[in-house]
Amino acid sequence: MFSYCSDPASLETFQWLSCYLTTGKHFAFYTSFGTVLLLLAITAPTALLFGFGGAMAARARFAPLSWIGKAYIAIVRGVPDIAFFLFFVIALDQGIEYLRHRIKCPDWEAAVRQGNDFVVCDAAKMPLNTADQWVHEIYGFTLAVVTFAIVFGAFAANVLFGAMRAVPRAQIETAEAYGMTHTQAFWRILVPQMWTYALPGLSNLWMVLIKATPLLFLLGVEDIVYWARELGGSKTERFTDYPHGDWRMQYFFGLLVFYLAFTKVSEVVLERLSKRLSRGQATLAGEAQRKAA
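Reading the values: rules and limits
- Residues numbered from 1 in each chain as written.
- Predicted model: local features only at pLDDT ≥ 70, side-chain atom pairs only at ≥ 80, totals over all residues.
- Heavy atoms only, no water.
- Helix = DSSP H or I, 4+ residues; strand = E, 2+ residues; numbered from the N terminus.
- Buried < 20%, exposed > 50% of the residue type's maximum accessible area, 1.4 Å probe, protein only.
- Contact = heavy atoms within 4.5 Å.
- Disulfide = S-S within 2.5 Å.
- Patch = residues over 30% accessible without salt bridge, like charges linked within 9 Å, V, L, I, M, F, W, Y side chains within 5 Å.
- Areas by Shrake-Rupley, 256 points an atom, 1.4 Å probe, with all protein chains shown as cover.
- Salt bridge = Lys/Arg side-chain N within 4 Å of Asp/Glu carboxyl O.
- Axes fitted to C-alpha atoms, helices over the stretch in contact; angles between N-to-C directions.
- Parallel < 35°, antiparallel > 145°, perpendicular 65-115°, else oblique.
- Left-handed = near helix turned anticlockwise from the far one by under 90°.
- Expected span 1.5 Å × (residues − 1).
- Phe/Tyr/Trp six-rings, centres within 6.5 Å; stacked < 30°, edge-to-face > 60°.
- Lys, Arg positive; Asp, Glu negative; His and termini not counted.

Description of the environment of Leu202
Okay, so step 1: Assignment of secondary structure puts Leu202 in helix α7 (residues 182-212).
Okay, so step 2: We classify Leu202 as buried; its relative accessible area is 16%.
Okay, so step 3: Residues Leu202 and Leu48, spaced 154 residues apart in sequence, show a C-alpha to C-alpha distance of 9.0 Å.
Okay, so step 4: Ignoring sequence-local partners within four residues, the contact set of Leu202 consists of Leu48, Ala156, Val159, Leu160 and Trp195.

Overview of the state of the cysteines
Okay, so step 1: Under the criterion given, the structure shown has one disulfide.
Okay, so step 2: Across the disulfide, Cys105 is cross-linked to Cys121 (sulfur-sulfur distance 1.8 Å). As the torsion about the S-S bond is roughly 85 degrees, the Cys105-Cys121 disulfide counts as right-handed. Linking Cys105 in the loop between α4 (81-104) and β1 (113-114) with Cys121 in the loop between β2 (117-118) and α5 (133-166), this pair joins segments that are 16 residues apart in sequence.
Okay, so step 3: Cys121 gets classed as buried once you look at its relative accessible area, which sits at 7%.

Overview of the environment of Ile96
Okay, so step 1: Inspection of the secondary structure puts Ile96 in helix α4.
Okay, so step 2: A residue is classified by how much of its surface remains accessible, and Ile96, at 28% relative accessible area, is partly exposed.
Okay, so step 3: Spatially, the C-alpha atoms of Ile96 and Met126 are 7.5 Å apart, while their sequence positions differ by 30 residues.

A few points about a nonpolar patch on the surface
Okay, so step 1: A cluster of nonpolar side chains, Leu17, Leu21, Phe27 and Tyr30, forms an exposed patch at the surface whose accessible area comes to about 350 Å².
Okay, so step 2: Considering the arrangement of structural elements, one finds Tyr30 in helix α2 (residues 24-58).
Okay, so step 3: Judged by relative accessible area, which is 36%, Tyr30 ranks as partly exposed.

So, the packing of α5 against α7
Okay, so step 1: Axis separation between α5 and α7 bottoms out at 8 Å; the angle between their running directions is 140 degrees. Overall, the two elements α5 and α7 adopt an arrangement that is oblique. Judged by the twist between their axes, the crossing of α5 over α7 is right-handed. The segment α5 lies against α7, with Phe148, Phe152, Phe155, Ala156, Val159, Leu160, Ala163, Met164 and Ala166 engaging Phe186, Leu190, Met194, Trp195, Tyr197, Ala198, Gly201, Leu202, Leu205, Val208, Leu209 and Ala212.

Here we look at the pattern of salt bridges
Okay, so step 1: All chains considered together, the criterion is met by three salt bridges.
Okay, so step 2: For the salt bridge of Lys25 with Glu230, the shortest nitrogen-to-oxygen distance reads 3.5 Å. You can see Lys25 sitting in helix α2 and its partner Glu230 sitting in helix α8 (residues 224-232), a full 205 residues away along the chain.
Okay, so step 3: In this structure Lys25 comes out as partly exposed when scored by relative accessible area, which is 42%.
Okay, so step 4: One salt bridge connects Arg248 with Asp246, and the closest N-O pair in it is separated by 2.7 Å.

So, the side chain of Thr213
Okay, so step 1: By the element assignment, Thr213 lies in the loop between α7 and α8.
Okay, so step 2: Of the residues examined, Thr213 reaches a relative accessible area of 0% and is grouped as buried.
Okay, so step 3: Residues within four places of Thr213 in sequence aside, it is in contact with Val36, Leu39, Leu40, Phe148, Asp223 and Tyr259.

Things to note about α4
Okay, so step 1: In this model α4 runs 34 Å from its N-terminal to its C-terminal C-alpha over 24 residues, within 8% of the 34 Å that 1.5 Å per residue would give.
Okay, so step 2: All of the buried residues in α4 are Phe84, Phe85, Phe88, Val89, Asp93, Glu97 and His101.
Okay, so step 3: In this structure, the buried residues of α4 make contact with β2 and α5.

Details of unusual backbone geometry
It is generally the case that most residues other than glycine have a negative phi and that most peptide bonds are trans.
Okay, so step 1: The peptide bond linking Met126 to Pro127 adopts the cis configuration, its omega dihedral lying at -5 degrees.
Okay, so step 2: Its location among the elements puts Pro127 in the loop between β2 and α5.

Here's the deal with the packing of aromatic side chains
Okay, so step 1: Evaluation of the coordinates by the stated rule reveals 17 aromatic pairs.
Okay, so step 2: Ring centres of Phe186 and Trp187 lie 5.1 Å apart, and the angle between their planes is 85 degrees; this geometry places the pair in the edge-to-face category.

Remarks on the environment of Ala28
Okay, so step 1: With respect to the helices, strands and loops of the structure, Ala28 is situated in helix α2.
Okay, so step 2: Residue Ala28 is classed as partly exposed on the basis of its relative accessible area of 24%.
Okay, so step 3: Taking the C-alpha atoms as reference points, Ala28 and Trp227, 199 residues apart in sequence, are found 7.8 Å from one another.

Structural notes on the side chain of Asp223
Okay, so step 1: Relative to the assigned elements, Asp223 resides in the loop between α7 and α8.
Okay, so step 2: We note that Asp223 is buried and unpaired, the nearest opposite charge coming from Arg229 at a distance of 9.0 Å.
Okay, so step 3: Asp223 has contacts with Ser32, Thr213, Pro214, Leu216 and Phe217, leaving out every residue within four places of it along the chain.

This is how it looks when you write it as structure tokens:
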């Protein structure tokens with residue numbers, strides 16, 4: 001069956017553009033938007049879980065556990081994100097391969113670290129060289145999620161730690177005076193009320209997380225930044241049926257619109273969530289709602 005896209009040279013402008021925007025690479029570009037949204041959907045709750053655990057550890061009565069929680073918050077927040085992403089992903093990947101190497105190749109006599117090279121047996125590769133491409137992509141994406149969760153979990157831990165301390169201590173003491181244990185007072189009194197204090201900081205952290213998704217490009221994941229640069233670069237007739245000049249400005253402008261729209265939707269949702277959490281609370285926002293009612 002004949003397709004008018006089979007001869008790009010004879011196409012009119014609209015037809016040429018419709019054919020150009022429906023190539024396989026462009027569909028990969030469109031799919032990469034889903035990759036970014038999936039990263040946010042998985043990383044946000046995972047980072048919040050890391051943050052909650054870090055905050056609980058930082059305020060623990062057991063001193064060594066408190067030191068670990070505070071060290072996690074201080075160290076990860078003090079390291080530049082790019083440096084952490086580039087170092088941690090390599091270290092984590094090599095750590096996994098080293099453990100597999102010790103288990104699967106116990107008779108290996110050569111050194112694993114040979115100058116600047118990290119050499120393990122083929123059976124210890126993660127993933128294996130014979131694995132399908134989708135396995136490599138999922139593995140790289142998983143490393144990215146873990147890295148993002150650890151980094152933003154430290155910032156979330158700092159926010160939640162401050163929010164826990166913002167809840168009036170008298171409420172905890174009153175709950176314990178009525179017979180609640182320390183654990184019951186924590187889960188029934190402290191945790192439900194801390195969210196209204198934590199939400200402004202978590203909202204800012206969510207916006208920063210959205211803006212940090214282009215770092216996927218540094219981790220080797222083919223995200224929207226990768227495809228915008230790949231598709232927007234100059235193409236000649238020798239390498240494509242749809243030659244064009246340098247269109248990176250247009251592609252990155254499209255990414256700008258996407259991020260601005262996404263952050264605007266986030267602002268609306270977070271504002272409504274803030275009003276819901278502030279209802280009935282003894283805070284400025286809660287008092288404003290009470291007076292308005």
